[in-house]
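Notes for the structure review
If you want the building blocks of each chain, they are given just below.
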Amino acid sequence: AQERNMRGGTENVYGIVGLAKALEMAYADMESHQQYIQDLKDYLKDKLSREIPDIQFNGETDADKSLYTVLNVSFPKSERSEMILFNLDMNNICASGGSACSSGADVGSHVIRAINNNPNLVPVRFSFSKHNTTDEIDTVIGKLKEII
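Notes on the structure in this doc start here. (Residues numbered from 1 in each chain as written. Predicted model: local features only at pLDDT ≥ 70, side-chain atom pairs only at ≥ 80, totals over all residues. Heavy atoms only, no water.)

**Section: the overall build of the protein**
Operational definition: Helix and strand assignments follow DSSP, with helices taken as H or I runs no shorter than four residues and strands as E runs no shorter than two, numbered in order from the N terminus. For every residue, the accessible area obtained with a 1.4 Å probe (protein chains only) is divided by the maximum for its type, and the residue is called buried under 20%, exposed over 50%, and partly exposed between those limits. By the convention used here, residues are in contact when the closest approach between their heavy atoms is within 4.5 Å. Only the protein chains shown count as cover for residues, and all accessible areas are computed by the Shrake-Rupley method using a 1.4 Å probe.
A count of helical and extended segments in the protein gives five helices and four strands. Sorting the 148 residues of the protein into buried and exposed places 26% on the buried side. At a minimum sequence separation of 6, the contacts of the protein that also span at least 24 residues come to 71%. As displayed, the protein has an accessible area near 10,000 Å², and 52% of this comes from carbon and sulfur atoms.

**Examining the nonpolar core**
Formally: Throughout this description, the term nonpolar core refers to a set of buried Ala, Val, Leu, Ile, Met, Phe, Trp, Tyr and Cys residues connected via side-chain atoms within 4.5 Å.
One finds L48, F75, F126 and L144 to be the most contacted residues of the largest nonpolar core, which totals 21 residues. Contributions of two or more residues to this core are made by α2 (30–51), β2 (70–76), α3 (84–90), β4 (121–127) and α5 (134–147). A per-element tally of this core places α5 first, with five residues. Sequence-distant contacts of F75, defined by excluding residues within four places in its chain, comprise L48, I52, I55, I84, N120, L121, V122, V124, F126, L144 and I148.

**Details of the packing of aromatic side chains**
The condition that has to hold: Aromatic pairs are defined between Phe, Tyr and Trp rings, using the six-membered ring for Trp, whenever the two ring centres lie within 6.5 Å; interplanar angles under 30 degrees are classed as stacked, those over 60 as edge-to-face, and all others as tilted. Any Lys NZ or Arg CZ found within 6 Å of a ring centre and within 35 degrees of that ring's normal is scored as a charge over the ring.
Considering all chains together, one arrives at zero aromatic pairs under this definition. Cation over ring: K45 sits above F57, and NZ or CZ is 5.5 Å from the ring centre.

**Observations regarding α2**
Note the threshold: A helix is expected to span 1.5 Å multiplied by its residue count minus one.
Over its 22 residues, α2 runs 31 Å from end to end, which matches the ideal 32 Å to within 8%, given 1.5 Å per residue. For α2, the full list of buried residues reads I37, Q38, L40, K41, L44, K47 and L48. Summarising the contacts, the buried residues of α2 are in contact with β1 (56–57), β2, β4 and α5.

**Comments concerning the packing of α2 against α5**
How two helices sit against one another is set out by the angle between their axes and by the gap between those axes. Cut-off, in case you're wondering: Fitted lines through C-alpha atoms give the axes, limited to the stretch in contact for helices. The angle between two N-to-C directions lies from 0 to 180 degrees. Angle categories are assigned with fixed cut-offs, so that under 35 degrees is roughly parallel, over 145 is roughly antiparallel, 65 to 115 is roughly perpendicular, and the rest are oblique. Should the near helix be turned anticlockwise from the far one by less than a right angle, the crossing is left-handed, and should it be turned clockwise, the crossing is right-handed.
Orientation of α2 relative to α5, taken along the N-to-C sense of each, is 25 degrees, at an axis distance of 10 Å. When the axes of α2 and α5 are compared, the pair comes out roughly parallel. Seen from above, α2 lies across α5 with right-handed handedness. Judged by residue contacts, L40, Y43, L44, K47, L48 and E51 of α2 engage T134, I137, D138, I141, L144 and K145 from α5.

**Here's the deal with the pattern of salt bridges**
Heads up, the condition is: Each reported salt bridge corresponds to a side-chain nitrogen of Lys or Arg within 4 Å of a carboxyl oxygen of Asp or Glu.
In total, this model carries six salt bridges according to the counting rule given. With a shortest N-O distance of 3.4 Å, K47 and D138 are connected by a salt bridge. Of the two residues, K47 sits in helix α2 while D138 sits in helix α5, which places them 91 residues apart along the sequence. The exposure class of K47 is buried, given its relative accessible area of 14%.

**Brief notes about the pairing of β2**
So the rule is basically this: A pair of strands is labelled paired if DSSP reports no fewer than 2 bridges between them.
In terms of burial, β2 is largely enclosed, as five of its seven residues are buried. As paired strands, β1 and β2 are joined by two bridges and run antiparallel to one another. When the sheet's bridge partners are listed, F57 is paired in β2 with V73. Here seven bridges tie β2 to β4, and the two strands are oriented antiparallel to one another. Along β4, the bridge assignment pairs P76 with L121.

**Quick notes on a nonpolar patch on the surface**
Let me state the cut-off plainly: Patch definition: residues with relative accessible area over 30% and no salt bridge; like charges joined within 9 Å; nonpolar side chains (Val, Leu, Ile, Met, Phe, Trp, Tyr) joined within 5 Å.
Among the surface-exposed residues, L19, L23, Y27 and M30 lie close enough to one another that they form a single nonpolar patch of about 410 Å² accessible area. One can find Y27 in helix α1 (residues 13–28). Residue classification places Y27 among the exposed positions, given a relative accessible area of 55%.

This is the structure:
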């Protein structure tokens, strides 16, 4: 705020140039990254469907209608599945409960309740990036089979 708040200060030229370069790098291979991530999500969805009984997918799971970086799955509630997030964490697998809208909430996810209000299901959210691999997904499937 220079000249009695009548004009802005010096522009952050380094920040502007850095942001432009970061955006250039982020968009350079974006389409191939999106397809790779979608393929990972589809791989997890397929493996879960075949190897873990009685699961449900929450929200739109059609590739054209859902976010390609997230898969939300509900597992049947049991003594073992109620501790699923804790057990995944203990095995260095990062996953979240409910929906992103409920992060930090003590009452659960209002989004998941609107989609599927079944108290006998335990929702888990898996997120993907271009840095994930199918080997990691195979590890997750193996641990889920042990836990459940």
